[in-house]
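Summary of structural features
Chain residues, written in single-letter form:
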Amino acid sequence: MSAPHATPVRVAVLGGSGFIGRVLGSRLTELGHDVLSVARKEPAEPAPGRFVAFDLSSAAPAELTELLTREQVGLVVNAAGGMWGLTDEQMHVANVVLVDRLVEAIAGMARPARLVHLGTVHEYGMAPIGTSQSEDGPAAPVMEYGKLKLAATEAVTRAVLEHGLDAVTLRLGNVVGAGQPGHSLLGVMAAKLDEARLAGRTAELSLAPLTAQRDFVDLTDTVDAVLAAATATGLPPVLNIGTGSATSARELVELLIEVSEVPTEITEVPGPDGAGPETEWQQLDIGAARERLGWAPRRSMRDAVESLWQAQISPAAR
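Reference entry: report on the structure contained in this document. (Residues numbered from 1 in each chain as written. Predicted model: local features only at pLDDT ≥ 70, side-chain atom pairs only at ≥ 80, totals over all residues. Heavy atoms only, no water.)

1. With respect to the sheet that holds strand S1 (residues 11–14)
Spatial strand order, S3-S2-S1-S4-S5-S6-S11: seven strands in an open sheet with parallel pairing. Two strands bound the open sheet, and with one partner strand each, they are strand S3 (50–53) and strand S11 (238–241). Each strand of the sheet is rotated relative to its neighbour by a mean of 20°, with strand direction disregarded. The pairing of S1 with strand S4 (residues 75–78) spans four bridges and is parallel. Among the inter-strand pairings, Val-11 is bridged to a residue of S4, identified as Leu-75. With respect to the sheet, helix H1 (residues 19–30) is in contact with S1, strand S2 (35–39), S4, strand S5 (114–120) and strand S6 (167–172), its orientation differing from that of S1 by roughly 165°. The strands that helix H6 (residues 219–231) touches are S4, S5, S6 and S11; relative to S5, the one it contacts most, it runs at about 145°. (Pairing = 2+ DSSP bridges. Helix = DSSP H or I, 4+ residues; strand = E, 2+ residues; numbered from the N terminus. Axes fitted to C-alpha atoms, helices over the stretch in contact; angles between N-to-C directions. Contact = heavy atoms within 4.5 Å.)

2. Details of the pairing of S11
Along S11, one buried face is formed by Val-238 and Asn-240 and the opposite face, lined by Leu-239 and Ile-241, is buried too. Bridging between S6 and S11 involves four bridges; their strand directions are parallel. Bridge pairing links Leu-172 to Ile-241 in S11. (Buried < 20%, exposed > 50% of the residue type's maximum accessible area, 1.4 Å probe, protein only.)

3. As for the pattern of salt bridges
Scanning all chains against the criterion turns up 17 salt bridges. For Arg-27, the salt bridge identified is with Asp-224, shortest N-O distance 2.5 Å. Of the two residues, Arg-27 is situated in helix H1 and Asp-224 in helix H6; the sequence distance between them amounts to 197 residues. With a shortest N-O distance of 2.7 Å, Glu-268 and Arg-250 are connected by a salt bridge. Separated by 18 residues along the polypeptide, Glu-268 in strand S13 (residues 264–268) and Arg-250 in helix H7 (residues 249–260) bring together distant segments of the chain. You can call Arg-250 buried: its relative accessible area is 13%. (Salt bridge = Lys/Arg side-chain N within 4 Å of Asp/Glu carboxyl O.)

4. Looking at the packing of aromatic side chains
Two measures describe an aromatic ring pair: the distance that separates the ring centres and the angle between the ring planes. Applying the stated criterion across every chain, the model contains zero aromatic pairs. The residue whose ring lies beneath Arg-171 is Tyr-124, and the NZ or CZ to ring-centre distance is 4.6 Å. (Phe/Tyr/Trp six-rings, centres within 6.5 Å; stacked < 30°, edge-to-face > 60°. Lys NZ or Arg CZ within 6 Å of the ring centre and 35° of its normal.)

5. Observations concerning helix H2 (residues 61–70)
What H2 keeps buried is the set Pro-61, Leu-64, Thr-65, Leu-67 and Leu-68. Across the axial projection of H2, the buried residues extend over an arc of 165°, all falling on one side. Lining the buried residues of H2 we find S1, S3, S4 and helix H3 (88–107). The first or second residue beyond H2 is Gln-72, which carries a positive phi of 55°. (Arc of directions from axis to C-beta.)

6. Side note on the packing of helix H5 (residues 185–199) against H7
It is at 10 Å that the axes of H5 and H7 come closest, and there the two elements cross at 25°. Considering their axes alone, H5 and H7 lie roughly parallel with respect to each other. The crossing of H5 and H7 is right-handed. Between H5 and H7, the contacting residues are Leu-185, Leu-186, Met-189, Ala-190 and Leu-193 on the first element and Ala-249, Leu-252, Val-253, Leu-256, Ile-257 and Ser-260 on the second. (Parallel < 35°, antiparallel > 145°, perpendicular 65-115°, else oblique. Left-handed = near helix turned anticlockwise from the far one by under 90°.)

Structure, rendered in structure tokens:
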């Protein structure tokens, strides 16, 4: 993020104990930045830098302004939010209300911090098979999470265009890597494979066709993109971060099984009527990120899945 001669910036990572926030905080710390990890409650495993318990979704914007000002924060990365196990109302608060308050809080600072907000490919919805989704293309999310994340991105973009907020939204592909959320498809599969490994038995997995084609991206590459966006100037309000190619979910599960070397029996179960790549396709156009950030994905999906698996079987994952 910073050149060796640059003065390190104090960075607040919202959602600093989460999947992306934790790895980002660690990288920032390694680069010499003073990191403030912010989350609703203190995690069992210490978060990088200095931790502050702060409920972003319920606190008044003025309270967050006071915190960011007191801590002399120059950069805020919003890796907070949520979808797993939440009701639609809880998702609205975690993704939309939180961002509305964050934008207001930063605007209230005497010296407003820069904001890098993490969006999602789900803001676009599906596209015709074989096509790529660009930042200026239509956004028509089909799931509630995508609709809420789109509303949050639009709030950040309005603040940029109408009020001069120094901010960019990175629309992330489906991120894969160490610490994969346990409720995600790969997180569930990794846990089942690990359970079988520890018991010395064959893993038994029931799989639907999993024909959906998605743009998956490695966690380390994702963090590299956030670091690049933190210092790049003259950015458009939204940038796509992915691999620029679509991969089937089934292919990733099979890759995980291969990497794990756990003997596995797969039982095929029927998928939803009409499911298939023609209606389940997402592929990001990442040309703008290459041009404006000088960023490109470097790691393969095998690299990402190997990182996921090694973290799953490490003692710290117990």
